[in-house]
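Given next are the chains, with one letter for each unit.
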Amino acid sequence: MADLQSEDLLMEILVKLPVKSLLRFRCVSKLWYSLISSSTFIGAQVNHQNKRNDSLLLVRSYNLLDEKLTYKLCHDTQTMEEIMTIDFPFVSQNQFFRMLGCVNGLVCLIDDICKKTDDVILWNPVIRRSLTLPKPQNARDSALWEAIYGFGWGCFHNDYKIVRILYPKGKSGIEGINHAIEIFRLSRGIWEDLEGCGSFPMLDSRQAYLNGVIHWLAQTPAIMAFDVDAEAFRVMKLPNALQSLWIQHLIVAAWCGSLAVFEVQFPGDFCLWVMQEHGVERSWSRRFAVRSMGVQRWIRSLRKNGEVILVENGTKLVSYDPMTNQIRDFGIQVDGDLRAFHMKSYMESLVLLDRMDVAPV
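Residues take numbers from 1 onward in each chain, read along the sequence in its written order. In view of the model being predicted, local features appear only for residues whose pLDDT reaches at least 70, and side-chain atom pairs are presented and counted only at 80 or more, with totals across whole chains, interfaces and linings using the full set of residues. Side-chain measures here rest on the full set of heavy atoms in the structure, leaving out hydrogens and waters.

A. Just the overall build of the protein chain, in detail. Tallying secondary structure elements over the protein chain gives 4 helices and 24 strands in all. Both definitions apply: the radius of gyration is a C-alpha atom measure, and the globule rule equals 2.2 Å times residues to the power 0.38. A compact globule built from 361 residues should have a C-alpha radius of gyration of about 21 Å, and the protein chain, at 21 Å, falls within 12% of that. Principal axes of the C-alpha set define a box for the protein chain whose edges measure 65 × 50 × 45 Å. Throughout, a residue-residue contact means that at least one pair of heavy atoms, one from each residue, lies within 4.5 Å. Taking all contacts inside the protein chain whose residues are at least 6 apart in sequence as the whole, residues at least 24 apart take part in 49%. Accessible area of the protein chain: about 17,500 Å², with a carbon and sulfur share of 50%. Counted as positive: Lys and Arg. Counted as negative: Asp and Glu. His and the chain ends are not counted at all. Here the site of a charge means atom NZ of a Lys, CZ of an Arg, CG of an Asp or CD of a Glu. Of the side-chain charges in the protein chain, 39 are positive and 40 negative, and the distance between the mean point of each set is 2 Å. Starting at the N terminus, helices and strands are each numbered in turn, a helix being any DSSP run of H or I of at least four residues and a strand any DSSP run of E of at least two. Here the Shrake-Rupley method, with its probe set to 1.4 Å, supplies the accessible areas, and only the displayed protein chains count as covering residues.

B. Just the packing of aromatic side chains, in detail. Side-chain rings of Phe, Tyr and Trp, where Trp is taken by its six-membered ring, are said to pair if the distance between their centres is within 6.5 Å; with planes under 30 degrees apart they count as stacked, over 60 as edge-to-face, and otherwise as tilted. Here the structure, examined in full by the defined rule, presents 19 aromatic pairs. Ring geometry for Phe88 versus Phe97: centroids 6.0 Å apart, planes at 65°, classification edge-to-face. You'll find Phe88 and Phe97 in the same group, each marked buried. Here the aromatic rings of Phe90 and Trp123 are separated by 5.8 Å at their centres, their planes lie at 90°, and the arrangement is edge-to-face. Here Phe90, found in the loop between β3 (82-86) and β4 (98-103), pairs with Trp123, found in strand β6 (residues 120-124); they are 33 residues apart in sequence, far enough to count as distant. On the basis of relative accessibility, which here comes to 14%, the residue Phe90 falls in the buried class. Grouping aromatic residues by their ring pairs yields a cluster made of Tyr71, Phe88, Phe90, Phe97 and Trp123. For every residue, the accessible area (1.4 Å probe, protein chains only) is compared with the maximum for its type, and the residue is labelled buried under 20%, exposed over 50%, or partly exposed between those bounds.

C. Highlighting the sheet that holds strand β10 (residues 180-185). What makes two strands pair is DSSP finding at least two bridges between them. The antiparallel open sheet is built from 4 strands, whose spatial order is β8-β9-β10-β11. Two strands close off the open sheet at either side, each with one partner strand: β8 (145-154) and β11 (191-193). On average, each strand axis in the sheet is inclined to that of its neighbour by 25°, with strand direction left out of account. Sheet analysis places β10 next to β11, joined by 3 bridges and oriented antiparallel. Residue Glu182 lies in a different strand from β11, and its bridge partner there is Asp193. Axis angles are defined between N-to-C directions and span 0 to 180 degrees, where every axis is a line fitted to C-alpha atoms and, for a helix, only to the segment in contact.

D. Examining the side chain of Asp321 more closely. Of note, Asp321 is situated in strand β22 (residues 316-321). If we ignore the near neighbours within four places in the chain, the residues touching Asp321 are Glu307 and Gln326.

E. View of the side chain of Glu348. Within the element layout of this structure, Glu348 appears in the segment after β24 (342-346). Salt bridges are identified by distance alone: a Lys or Arg side-chain nitrogen within 4 Å of an Asp or Glu carboxyl oxygen. Arg52 provides the closest opposite charge to the buried, salt-bridge-free Glu348, at an N-O distance of 7.4 Å. Non-local contacts of Glu348, meaning those with residues more than four positions away in its chain, are made with Val19, Gln45, Gln49, Leu56, Leu73 and Val126.

F. Main features of the sheet that holds strand β7 (residues 129-132). Taken together, the 4 strands give an open sheet; going across it, the order is β4-β5-β6-β7, and neighbouring strands pair in antiparallel fashion. Of all strands in the sheet, those bounded by a partner on one side alone are β4 and β7. Averaged over all adjacent pairs, the angle separating strand axes in this sheet is 20°, with direction ignored. With 4 bridges joining them, strand β5 (residues 106-110) and β6 adopt antiparallel strand pairing. Among the inter-strand pairings, Val107 is bridged to a residue of β6, identified as Trp123.

G. Layout of the state of the cysteines. A pair of cysteine sulfur atoms is labelled a disulfide when the two atoms are within 2.5 Å. The final tally for this structure, using the stated rule, is 0 disulfides. For the unlinked cysteine Cys102, the closest cysteine sulfur is that of Cys108, found at 10 Å.

H. Molecular detail of unusual backbone geometry. At the junction of Thr220 and Pro221, the peptide bond is cis and its omega measures out at -5° in the coordinates. Within the element layout of this structure, Pro221 appears in the loop between β13 (213-218) and β14 (222-227). Residue Asn211 is not a glycine yet carries a positive backbone phi of 55°. Locating Asn211 in the fold gives a position in the loop between β12 (208-210) and β13. Look at Asn211 and you get exposed, because its relative accessible area is 57%. In this structure, Leu352 is a non-glycine residue whose phi angle is positive, near 90°. Locating Leu352 in the fold gives a position in the segment after β24. Residue Leu352 is classed as buried on the basis of its relative accessible area of 1%.

What follows is the structure in structure tokens.
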């Protein structure tokens, strides 16, 4: 009993330490190695980090001249102080991988920016561990099929999941389409068919993960939501003002802890609609609108404080602050092509450390 109590106390102390320190402390003893590498400890560390709500950013840039891809971990502050530059060991069939999502320190990378492939990687950049997923059961010919992916975490079973929806090309985007749906559960390590989901319209490839639910825009238009724990789909209506728009003018996002949709009009006007109570369709409200005054701007990323990062006239990054309703220079030097610049909120974790079949990269 005393040993169990001392181990519980040790876990309570260690779980508060930075990831870099925890990796070093595995060398202290066999007990510490076993404890820190256990799924129980990794889950406790994730829960502790979520409660702390630290603000970090994972930043990607790509230099077209030397074809150099760079990932950096930065503090989510005004000056974005760099914490570290991260080695990126993966080879893309495109210029770079798409960052589909980032949950609890685990990044899901999809190699489908231009050339469509089914190469999917789960990557924890801080502990330098990764898992290349096996090929899906339903192989596709990119000329005949379109695949949409989603990535999220089910907290009830503490499982990370990737869902893959395969559509036949040439069908109308707004009609219900028969499709094949597969799901990859990290706990099982294989792709499996997901049955009984019915048919629904084509989805946009971009996702927003929030509160255990993956959200895509459907071409009806509406929002298709997938509950990661329940493994069930549901349709959510958009605000009335958006229901007659083309999906190309909409972007689904997680903004300040709420589900949100950007309405974007060329050359740079946009406004934000927020669902104040998740799943309650009557709770949609318009938060702000930004007029471009002829300046071309494209939404590139979001920050945890609600700021919107934009590419202006294809030459520089600017930031819109909804609190002050002001647009200012981003103030950070970005190497390479601004079209490839992207950043996501990030949290350090030990996820993947307990997977013995995954070698450090």
